[in-house]
Structure formats: C-alpha cells, structure tokens
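This is what each chain is made of:
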Amino acid sequence: MLKLRSYKTRPMHLGPFPLEGLKRQPVTDMSGLPTFAGISFRRPDDPQSIVNAMQDYQAMLDATRDGMVKREIAEIPDNPQDRANHLKAFGYYCDASMVGTCLIPDAAWLDSPVANPDVDRLADKLRTMQPKTLAAGIDVIMAGLRESMALPPVDCRHHTHAIVFLYDMPRDPKPDEAGSDWIQDAQDQRACLRGMETAVTFASYIRTLGYDARAHSMAASDVDLGALAMQAGLVTLEDGTLVNPFTGDRFGLAAITTTLELAPDQPLVPGQTPPASYQTGLGTHAKSARTRDPFAKRDYAKGPHPFETLKRVDEPTTYIDRPNVARVPKRANMFARGLFGDMGKHVQEATKNGNYVRKSAAAFAFRPSLGAFVLLQDGDAAPVHDSTHDTQRNAENIKAALYFLGVDAVGLSACPDWTYYSHDAAGAPITPYHENAISMIIDQGHETMEGASGDDWIACAQSMRAYLRFSLLGGVLAQHLRNLGYTARVHSVMDDEVLHPPLLLLSGLGEVSRIGEVILNPFLGPRLKSGVVTTNMPMTHDKPIDFGLQAFCNACNKCARECPSGAITAGPKLMFNGYEIWKSDSQKCTTYRVSQKNGAMCGRCMKTCPWNLEGLFAEAPFRKLAMSVPQAAKALAKLDDRLGKGAINAVKKWWWDLEMEDDGAYRPSRHPVNQRDLQTDLDLQFADQTLAVYPAPLAPPPYPWPAPMDREAGIAAYEGMIDAAEHMRRRAAGQP
Ligand code: SF4
C-alpha cells in the first residue's frame, strides 16, 4: 500500500505512528491490570503450527537476554532526552511499531519472574550438540553460550529505567486462505519473537556501552510488560484490557530494563482515538489507517509487494552458461581471503575477529544473536507429515509463513548443482544435497538509508540488522520444514554453501544490476540483504522476472560514479565464471569496506541508486516508466540527479558515530565521518578504470591457508573478459 506523503521531514525517533498527537498525563492508575503470565511455544498436538519451530529461537533469545557489561564506559551524550531519542530511533530502525521509555514503577517488578521452560531444554541440547557448521569462531560461541546458560539468575531490581517495544499484529490469517495452514493462532508468538529480537539486540548494545541492561519477553521476564507499557505511554487500561489507540488489543510487547538514565515518556490519557492525520493518511508518519497492515487486502502468500504485476520469463534476463558455470571454493569468498591475509596485512587486521563489525557499537549489537542462531541452522528431520505432498500447497504455505513472520520478499526455485560452492570452509568437497531453494530478501530500511552516506557509522549495522532478521526468520522456516519431515539448511552470512545471487535470479526476486553481484528488486531496489534455505521438501517454483533493468542500468551509471572505492564498472556486462554480469572489482570493494577509517563498511551503491525508493504514491510513475520505456532510463537517471535523490537527509540521522578505541571503549570517532555529496559533475569512463577480477583459474586452493592475490593477474583477467555474444560464439565453435 503506497504512502500519500513523504516522511522526509519527520525525525526518526518519532516513529511510524503519530504517538506525538496523543494526550498524556503525569500518572496512571494500574489497579485492575491483568496478571502477566508468560506465553508458550509448545504445540505438540498441532504439528503443522509454525509456533513449534519458533521454540528454539525464542529460547535462544531468552537465554541470551543478559550478559557481561563492558567495563569501559562509552562516551555518549549526557542529556537523557538525547539518549531516549537515540534509542527510540534505534527501535524504529529495528521495525518496532512503537517505542516508549519510563522509570520502572515498583508495581512492574514481578514477585516471581516468568521463565521460559524451553531455555533449560535448549541448554541441555547445547551441552551435547556437535554443531553442523564450520562458521568461524563457532567453538567460542558454543563455549560462551554454555557458560552463560549455566550461570544462576541475577537480580536486576537495581535497574531504574525501561525501554518498551510494541509490535503491531497484522490481520489474522483466514482458515480458508491459501497458505494459511501453518500460521493459524500464532500472533502472540510472532510478536513475542520479533519484539525479543529487538530487545536482545538493545540490551547487548547498552551493555557494550558500559551500562547494565536485560531484555524481557512475553515468555521470560522479571517485569510485568503491561505495567511498563502503561507507564511508558504505549497502552491504557480500558475495561480490564490493555489497549493501544492505533492497534487496539492487537500487539505484543518486549522491554529492556537498564541502569542507563533516559528521559521518560508520560502515560497516555485513556479513551483516546488516533489523530485525524492517521485516518486521512495525510500526515508525515509512515503508518495510517490505510497503510497499517499491508495484508489487509492481500493474501499472505502473495506478500506485501505486488509481484503478481511483474512480467515472468523462462530464463533470467542475463545469460548463464549453466553447463559451464565454474564452481569455486568458499575460500574464494573475499572476506575469507581478507581473513587469511590474501589482501595484505591491513585488510587481515581489519577482518580478524570481526573487527570491521566490532569497531561500530551499533553494528556489534546484532552480532551475538547472529552467532547464536548459526547453531540452529541445520538439524535432523522428523518423519514426513501427511499434509506435505502437494507441491503448490507447500509453496503457498512457505511463502505465507515467511511473509507472516516479516520477510520482505520470497522466491522459490530449483537449487542447481552449479549454485553450490565447490568446497566447504575446511576444504572438503561439497556434494550438492538439496534440490530446492527458498530465497528471501530483507529490506535494509529506507528511512535510515536516507540519513546515511552509505559508508558512515551506520552502514555496517544496516547489514547486520538485515542478516539477523534473515537468520531468525529463515531459521524458523527451516526448523519448521524439518519438523514436517524434510531436511532443510539455512545459508546465512555466518555460514553458507550456496551462492545467493543466481538463486535470487532463478526465483524471480530481481535482475542483475550494474552494482555487480547485487540483485536489484523492483520494489526495494538494491537496498536489501539475501538469505537462502535449501531443502528437499517438494514445491512449485517461481519464474525469473523481467522489469527492464538491463536497459536501465545500461543507461545509468550512478552507482559506478558514486562508489567511493571505484570498484563498480562503468563498462558493459561481461562473462565471469559462466555468468553474464557487470563485474565489479571485489578486491577494491572488500578492501574499502573492511578497512576504511571514516565509517564502518559501505553500501553507497544502494543508497544512491534511483531504485532506492521510499514507497510513495508519487513514485509509481517512475517505476512504471522505468519498467515499460527502457529508452527513458537515461533521462530518468538524470532527473534523479537533478532532484538530489541519493543525497543525505540530515533529519534522518539518529545514530551516534561511535568507534571502539584501543582501550576497548566506544567514543565519538576521531576520524572525519564520511558525509558525501553526489558527484554529479564526474563523467566516469570505463576506459579510465583499472579493475581486477579473480575468476576460477585465479581462485585460491580450497584449504584454509594464505594464498596472496596477484593483482596484475587480476587486471589481466578483467581485460580478457568477453561479452555473452562472443562467449556463445566461442562455445558454439568448441573453443574455451
Ligand atoms: Fe543500475 Fe543506476 Fe542503480 Fe547502478 S545506480 S544499479 S546503474 S539503476
């Protein structure tokens, strides 16, 4: 559902609902508050319920809701209001519907904390688990989890302040709706899981800044979440029921309690209705009565974006020489090459121990959960459930479940052998094992991207947030498929064995873009991260899409012009390892991303692309014209420049530019922050670029030891690349 007005003038901490339009009062009467009782994730009598598959993930979050507080106190603003605004904006960035802050009232502490019984079960499982993963540092993650789960609970009543997250619920799935078999009666658990994803990340963030903090969920809590939500001005008590003016009683809650002083919100005056701007949709807030629920008039299986309007084609719009795709070892991944020193000492230093993530406090907050979930991404399958023999029904159930949970786009395809790496992280050959792939994309968030340069101190957190979302939701789906009798493996940023871009292409989630290995989606642009679950569950497949992007990128050079490392080609598509792509210089890109000093990581290509859109009604003509009149691409790209699209909107900057220093403390970075203007005067020419590529013949051996890159050979390899027509001609003539 497209928005009528832009949110470009609205500061991020105000959030998507116009909470600021509601009346407040200094105190609230909590007498008659319903008793807070934890919710259960056990549905033994309903094996088709996705709730069963959430069990371990919720338990993992509940098990990691507390942790070590960093000794070194960060240098952050003293003003409690600045802190509250910052943390609210962070909450909205994590897609909370509403965020409030408060002093913790005595009445909110529970006499007996609510405990999630699945935490003990998970702890038992972890004690004997041999993880089926070769992710770097997995032994350290395991040891840390085992140690923290063995610790006795610590009282947190010395915490003074709370941050409360309210998660809205989309409509209930209809019983006769295609794809609704697995998602009935799962709203509380969905909201609990999503809320706790945010709360655990926040608690980790605040502890990293040097303040005590613990996350509380609807399944494991020391506090009455309803009482905190009342105190923080998110809900009121109406006839014995907690209600929110916008969502009624349809919401889930999570919170953190902390010793960090924050400006509190005031409680709401009971009995209010939403402000007029919410009803008309004419406010600057993203959510209105029209846009609140993207599924209000759509089946879950169709997703929030109108994929049904796109042209489907039998083959992707870029050529893949399927029989001759060169499989490469995981060791050829640029981050692995950095870690082993192939790109020199300074890249190795920046890559080891995840230093390029660790240096940013906001990015590092997502890292513990990402590490913990990697333990759950594979496992054994239960006996096959009778309901799973219809391939179309399986496809609809998979899509509906993922969209219900919060994935932004889903595509299903075969998982051909050539999409697998040749060797795993230890150097052992990989024999392709699953025939089907479920590809997912997660939006990196338009609003935060608006305030960013793409390569400043939020860039790495933008990636981490999306990677964590996939690891959680893709992980739940994979577990559910295993529960129903099929093997299923998550391929996450921490540990994957398939290449994502070709699978995204085959499943119709986008087309190849000039950025290189980034698949561009017509509704999210390149502003996305992907994840894949492979499985042997039978399912019908989607087809590739054609929305005219090849002509558009041919005429548009903006990402190449704006790339800070000069890694994106301004030239034509060429054949690389059997794929026709605009091949970027991954060595330059990775070197810049991990070792640049003026921010953490980089996604400037995503930021500046004309397809990075807000989702406004006024943008619909752009998309229509770009898709249907390829000749207009050059003019549209120029218009995008003239409108200043891709520039930084300072109103949207909410994060702190904190960098970890040598003593371990986070402080405002001493390096000048990347705040870039568009380079509209630069006329970048392919002939002036020096790019290198490392195709299969230049890939390192599959084993985990150093294999320095030969840049001269890489440059020669780029110069030797040919286009698809010449490639086909040579193949037809029997030439290599
Ligand atoms: Fe294609 Fe232009 Fe976007 Fe680059 S900036 S991916 S060339 S549309």
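Above: the structure in question.
Here is what the cut-offs are and how they apply
Residues numbered from 1 in each chain as written. Predicted model: local features only at pLDDT ≥ 70, side-chain atom pairs only at ≥ 80, totals over all residues. Heavy atoms only, no water. Helix = DSSP H or I, 4+ residues; strand = E, 2+ residues; numbered from the N terminus. Pairing = 2+ DSSP bridges. Axes fitted to C-alpha atoms, helices over the stretch in contact; angles between N-to-C directions. Contact = heavy atoms within 4.5 Å. Buried < 20%, exposed > 50% of the residue type's maximum accessible area, 1.4 Å probe, protein only. Parallel < 35°, antiparallel > 145°, perpendicular 65-115°, else oblique. Left-handed = near helix turned anticlockwise from the far one by under 90°. Polar contact = N/O pair within 3.5 Å; in protein donor to acceptor, adjacent residues only side chain to side chain. Near = heavy atom within 4 Å. 1 Å grid on protein atoms, 1.4 Å probe; cavity = no way out; pocket = protein on both sides within 12 Å on 5 of 7 lines; lining within 4 Å. Sits in = over half its atoms within 2 Å of the grid points. Nonpolar A, V, L, I, M, F, W, Y, C, P; charged D, E, K, R; others polar. Expected span 1.5 Å × (residues − 1).

**Q** I would appreciate a short explanation of the environment of Ala699 in the present structure.
**A** With respect to the element layout, Ala699 can be found in the loop between β20 (666-668) and α23 (711-719). Between the C-alpha atoms of Ala699 and Leu375, which are 324 residues apart in sequence, the distance is 29 Å.

**Q** Can you walk me through the sheet that holds strand β12 (residues 488-491) in this structure?
**A** Strands in a sheet are paired, the pairing made by backbone hydrogen bonds, and the direction either parallel or antiparallel. Read from one edge to the other, the open sheet built from 4 strands follows the order β10-β11-β15-β12, with strand pairing classed as antiparallel. Sheet topology places β10 (409-414) and β12 at the edges, where each strand pairs with a single neighbour. Strand-to-strand twist of the sheet, defined as the mean angle between neighbouring strand axes without regard to direction, takes the value 20 degrees. Packed onto the sheet, helix α13 (residues 391-405) meets β10 and β11 (436-443) and runs at close to 150 degrees relative to β10. Strands β11, β12 and β15 (528-535) of the sheet are contacted by helix α15 (residues 459-483), whose axis makes an angle of about 20 degrees with β15.

**Q** Would you take a moment to explain the pairing of β11 for this structure?
**A** Regular strands have side chains that alternate between both faces of the sheet. β11 sits mainly inside the fold: 8 of its 8 residues count as buried. Where β10 meets β11, 6 bridges bridge the pair, whose relative direction is antiparallel. When the bridges of β11 are listed, Ala409 appears paired with Ile441. Where β11 lies against β15, 8 bridges are found, and the strand directions are antiparallel. In the sheet register, Met440 faces β15, and the bridge partner there is Gly531.

**Q** I tried to follow the packing of helix α1 (residues 51-63) against α15 on my own but got confused; where do I start?
**A** Pairs of packed helices are described in terms of their axes, by the angle between the two and the distance that separates them. Closest axis-to-axis distance for the α1/α15 pair is 8 Å, and the angle between their directions is 130 degrees. Comparing their axes, α15 and α1 come out oblique. In the packing of α1 onto α15, the handedness of the crossing is right-handed. Residues Asn52, Ala53, Met54 and Tyr57 of α1 form the contact with α15, whose own contacting residues are Ser471, Leu472, Gly475, Val476, Gln479, His480 and Asn483.

**Q** Would you mind showing me how to read the side chain of Asp168 here?
**A** Structurally, Asp168 is set in strand β3 (residues 161-168). By relative accessible area, which is 11% here, Asp168 ends up buried. At 2.8 Å, the side chain of Asp168 and the side chain of Arg292 are in polar contact. Setting aside residues no more than four positions away along its own chain, Asp168 makes contact with Phe17, Ser97, Arg190, Thr247, Arg250 and Arg292.

**Q** Which parts of the structure should I look at to understand the site of the ligand?
**A** Taken together, the neighbourhood of the ligand is formed by Ser513, Arg514, Ile515, Leu520, Phe552, Cys553, Cys556, Lys558, Cys559, Cys609, Pro610 and Trp611. A molecule is said to occupy a pocket when more than half its atoms come within 2 Å of that pocket's grid points, and by this definition the ligand occupies the largest cavity. Among the secondary structure elements, those contributing two or more residues to the shell around the ligand are α17 (549-555) and α18 (558-562). When the residues that make up the shell around the ligand are grouped by side-chain class, the tally is 9 nonpolar, 1 polar and 2 charged.

**Q** Can you walk me through unusual backbone geometry in this structure?
**A** Residues other than glycine seldom take positive phi values, yet Asn353 does so here, at roughly 60 degrees. Topologically, Asn353 is positioned in the loop between α9 (345-351) and α10 (355-358). Positive phi, close to 70 degrees, is recorded for Met601, a residue that is not glycine. Tracing the chain through its elements places Met601 in the loop between α19 (586-595) and α20 (604-608).

**Q** Before we go on, may I ask you to explain α13 in this structure?
**A** Owing to its 3.6 residues per turn, the α-helix aligns residues three or four sequence positions apart on the same side. Its 15 residues place the ends of α13 21 Å apart at the C-alpha level, agreeing with the 21 Å of an ideal helix rising 1.5 Å per residue. With respect to burial, α13 is a largely interior element, 11 of its 15 residues being buried. All of the buried residues along α13 are Asn394, Ala395, Asn397, Ile398, Lys399, Ala400, Ala401, Leu402, Tyr403, Phe404 and Leu405. In this structure Asp390 caps α13, since a side-chain oxygen of it lies 3.0 Å from the backbone nitrogen of Gln392. Where α13 terminates, the next one or two residues include Gly406, which has phi positive at roughly 130 degrees.

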